[in-house]
Amino acid sequence: MTGAECTAEAMKQINPDVVAAYPITPQTNIMHSFSQFVADGIVDTDLVTVESEHSAMSACVGASASGARAMTATSANGLALMWEIVYIAASTRLPIVMNVVNRALSAPINIHCDHSDSMGCRDTGWIQIYSENGEEAYENTIMGVRIGEHKDVLLPVMVCQDGFITSHSVETVELLNDEIVKSFVGEHTGHYPLLDVDKPVTYGPLDLFDYYFEHKRQQVLAMENAKRVIREIFDEFGQITGKHYDFFEGYKLEDAEKVIVCANSSAGTIRVVVDELREKGEKVGLLKMRVFRPWLNDMIVEKLGKIKAVAVLDRSDSFGAFGGPLFSEIRSSFHEVKEKPNIIDYIYGLGGRELDIIQIKKVFNELEQVKNGNVGDRVRYLGVRE
Amino acid sequence: MANIRELALTNERLAPGHRLCPGCGLSIIARAVMRGTKDPIVVATATGCLEVSTTIYPYTAWNVPWIHNAFENAAATISGAEAAYKVLKKKGKINKEIKFLAFGGDGGTYDIGLQSLSGALERGHNFVYVCLDNEGYMNTGIQRSSSTPYGAWTNTSQVGKIHKGKEQFKKDLTAVVAAHHIPYVAQASSHNYMDLVRKAEKAFAVKGPAFINVLSPCVPGWKYPMQLTQKLAKMAVDTCFWPLFEVENDKWILNYDPGDNKKPIIEWLKMQKRFRHLMKPENTHIVEQLQKNVDFRWENLKKLCGKG
């Protein structure tokens, strides 16, 4: 199955009440499959084929506030267009699940993978979960429903997968059976739904300087609660599947001296290189980020604290900042820690530029210098002509 | 249909105590429209005067389930609510008959929300959209919209040595909506209360989308004494600047024809200080242009209604 088909399969098993979506490459394949499930009556979902992504998220807000389980999916410019309502969805505390098939933002227009879209809305108040492959996109989507809907969280969840690389590549996938997913996600009951007409509620009032700040503070607490809830859901999922997920997942980290940190599909490629170099006796490892929001400061320190040299791979840039978003986050986590690795950043893969084994070897090679204290440029560019 | 005495005894769905301006047309219209159905309703409201004045946290004037999402998406938001209702009803989680209503101003409907409205109409959601047309961005401090009349002063169509107010004619949104061939479209005015309620009843009764465009005089934006709101609304109709009509299943019906009593547009203009500059002799050509446009649209409408 492709990553897009995996996502559609998860949506089929979740059987959401409302899906509102608008076409954009490479997300479209999710909705092609899902629309077939609707057409065949396999799901009860009302598929609202809106006239823009802005309306997709707006309709999800209306549906979720009404007490429905609502989902959508998008990519790049679609996510940028809906940005206003992405922020509103989180601030209104609506547990919408959205699959983002990562694609580079325009301009120039490009349809291929990078993370500028989802990283561009890292401060919108959504939980962000990244997926290495189709199977993870499938699992993260199912878990995302439970995480967002938890009464201590009530936040929307963004599940990311790499455009084309994951969404359009065929891989063998292990799926759960329908009944297991159905009972795992459970029945959805809205939180003060609009459709409870006997108890009228007002959503989205004017909230000025005397209350707005407190509401934002509550959102922060919800994100804080999400740290515990995500752990619980990962554990519960692990008991069913035997697969134990974490916010950050290490590969051959024990005794490792040089480590690459990345998100999404690059982890697969890097793992191959780690294995190859390990065979040659090099102490290398990989740390894959699964959850970007909420950010687990302590865990990143725990996982990387004893490593000598770390290269962060950022598939999006933050123009004018010191390094990409993942690098900034990790470097900041180590600020008050005494014993810490030398950390460098590589911006790579923009607009779908392929990350190949040679590039990864180059990174490990350069980390050798960093390990020895010659840090050089903190922020570097990988695989670009300059 | 209930008479006005009976209507007055129905529960208020928008409670008093909100902070709209004295003399504002919005609450008159919103309350009248919500009297158009006895069923429970869910209301979405676009950003604008009605929204900010009725829901200053921690207070709300709404006695019905109500949602404000953003400026341009009241129609998309209510689409989502209506879709949720359809599914949850089918699943047996809800058994009540619920109606869906969206309010937007002219900014939120003629301009920034037009796409969202068009999409929702085309998809055929079962909802009523009411445009509260006060002919400008009044909530943000009186800027021109595509609904602002020709010649009108606003803060972004200033009157100066070169320019004399807005230089474009008002968009004919009701006709734009009618071109979606939805079951029910109407134009109404707050001064004809029973006509407005009757239209709201029809709109709620049809299956599928319905749209009512209601002219809503604005005291600070149009600049007139607050007690004249209904007189302003009536004069807009008597000058045929704002005709009352309905389009029912594509059949155009004229609801009111002043005939020989059709007033010249200047009668409406001179009641409002936003047109003050048009009273100067050097600007009479602007009034003439506006009159021509009003006459042209009126004759065209009569033809559509089989009265031409």
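Residues numbered from 1 in each chain as written. Chains lettered and ligands numbered in written order. Predicted model: local features only at pLDDT ≥ 70, side-chain atom pairs only at ≥ 80, totals over all residues. Heavy atoms only, no water.

Before going further, it helps to spend a moment on the side chain of B:Ser146. Residues and elements named next belong to chain B. Structurally, the position occupied by Ser146 is in the loop between β4 (128-133) and α7 (173-178). Polar side-chain contacts of Ser146 include one of 2.4 Å to the side chain of Asp111. When sequence neighbours within four positions are dropped, the list of residues in contact with Ser146 reads Tyr110, Asp111, Lys166, Phe169, Lys170 and Lys171. (Helix = DSSP H or I, 4+ residues; strand = E, 2+ residues; numbered from the N terminus. Polar contact = N/O pair within 3.5 Å; in protein donor to acceptor, adjacent residues only side chain to side chain. Contact = heavy atoms within 4.5 Å.)

With that settled, consider the packing of aromatic side chains. Evaluated as defined, the whole model comprises 20 aromatic pairs over all chains. Look at B:Tyr129 and B:Phe211: their rings are 6.0 Å apart centre to centre, the planes differ by 15°, and that puts the pair in the stacked class. Remark: B:Phe211 occurs in strand β6 (residues 210-215) and B:Tyr129 occurs in strand β4; sequence separation between them is 82 residues. The exposure class assigned to B:Tyr129 is buried, which follows from its relative accessible area of 2%. Taken together through their ring pairs, the aromatic side chains of B:Trp222, B:Tyr224, B:Phe241, B:Trp268 and B:Phe275 make up a single cluster. Against the face of A:Phe37 rests A:Lys12, its NZ or CZ located 5.3 Å from the ring centre. The positively charged end of A:Arg271 is found above the aromatic ring belonging to A:Tyr251, 5.3 Å away from the centroid. (Phe/Tyr/Trp six-rings, centres within 6.5 Å; stacked < 30°, edge-to-face > 60°. Buried < 20%, exposed > 50% of the residue type's maximum accessible area, 1.4 Å probe, protein only. Lys NZ or Arg CZ within 6 Å of the ring centre and 35° of its normal.)

Attention shifts here to the confidence of the model for chain B. For chain B, the mean per-residue pLDDT works out to 97, and 100% of the residues sit at or above 70. As scored by the predictor, the complex reaches a pTM of 0.98 and an ipTM of 0.97. (pLDDT = per-residue confidence, 0-100.)

Now for the interface of chain A and chain B. When the parts of a complex come together, some accessible area is lost, and that lost area is often taken as the interface size. Tallying the contact residues gives 42 residues for chain A and 42 residues for chain B. Across the interface of chain A and chain B, roughly 3200 Å² is buried in total on both sides, 63% from carbon and sulfur atoms. By the criterion of area lost to chain B, the three top residues of chain A are A:Leu195, A:Val197 and A:Leu206, representing 19% of everything that side buries. Salt-bridge contacts for A:Asp46 lead to B:Lys86; the nearest nitrogen and oxygen are separated by 3.4 Å. At the junction of chain A and chain B, the tally comes to 16 residue pairs in polar contact (both at pLDDT 80 or more). The element contributing the most residues to the side of chain A that touches chain B is helix α3 (residues 53-65) of chain A, with eight residues. Classifying every residue of the side of chain A that touches chain B gives 20 nonpolar, 14 polar and eight charged. Across two bridges, strand β7 (residues 202-203) of chain A lies against strand β2 (residues 66-67) of chain B in parallel orientation. Residue pairing for β2(B): A:Tyr203 is matched across the bridge by B:Ile67. (Buried area = accessible area lost by both parts, 1.4 Å probe. Salt bridge = Lys/Arg side-chain N within 4 Å of Asp/Glu carboxyl O. Nonpolar A, V, L, I, M, F, W, Y, C, P; charged D, E, K, R; others polar. Pairing = 2+ DSSP bridges.)

Attention now goes to the nonpolar core. With 167 residues, the main nonpolar core has A:Met57, A:Ile127, A:Leu304, A:Ile330 and B:Trp268 as its most contacted residues. Split by domain, the residues of this core number at least three in each of domain 1 (3-241) and domain 2 (248-382) of chain A. When neighbours within four sequence positions are excluded, A:Ile330 is seen to be in contact with A:Val261, A:Trp295, A:Ile300, A:Leu304, A:Val312 and A:Ile343. In terms of nonpolar packing, the next biggest core, distinct from the first, is built from 34 residues, B:Val43, B:Leu101, B:Tyr184 and B:Ala210 among them. (Core = buried A, V, L, I, M, F, W, Y, C linked by side-chain atoms within 4.5 Å. Domains from an automatic or database assignment.)

Here we come to the domain arrangement of chain A. Residues and elements named next belong to chain A. When the domains of chain A are assigned, the result is domain 1 (3-241) and domain 2 (248-382). Distance between the C-alpha centres of domain 1 and domain 2: 28 Å. Taken together, the 31 residues of domain 1 in the interface contact 25 residues of domain 2. In total, about 2200 Å² of surface goes out of reach between domain 1 and domain 2, with carbon and sulfur atoms giving 55% of it. When the area that domain 1 buries against domain 2 is broken down by residue, the three leading residues are Arg122, Tyr130 and Glu132, summing to 28%. Among the ionic pairs, Arg271 bridges to Glu132, the shortest N-O distance being 2.8 Å.

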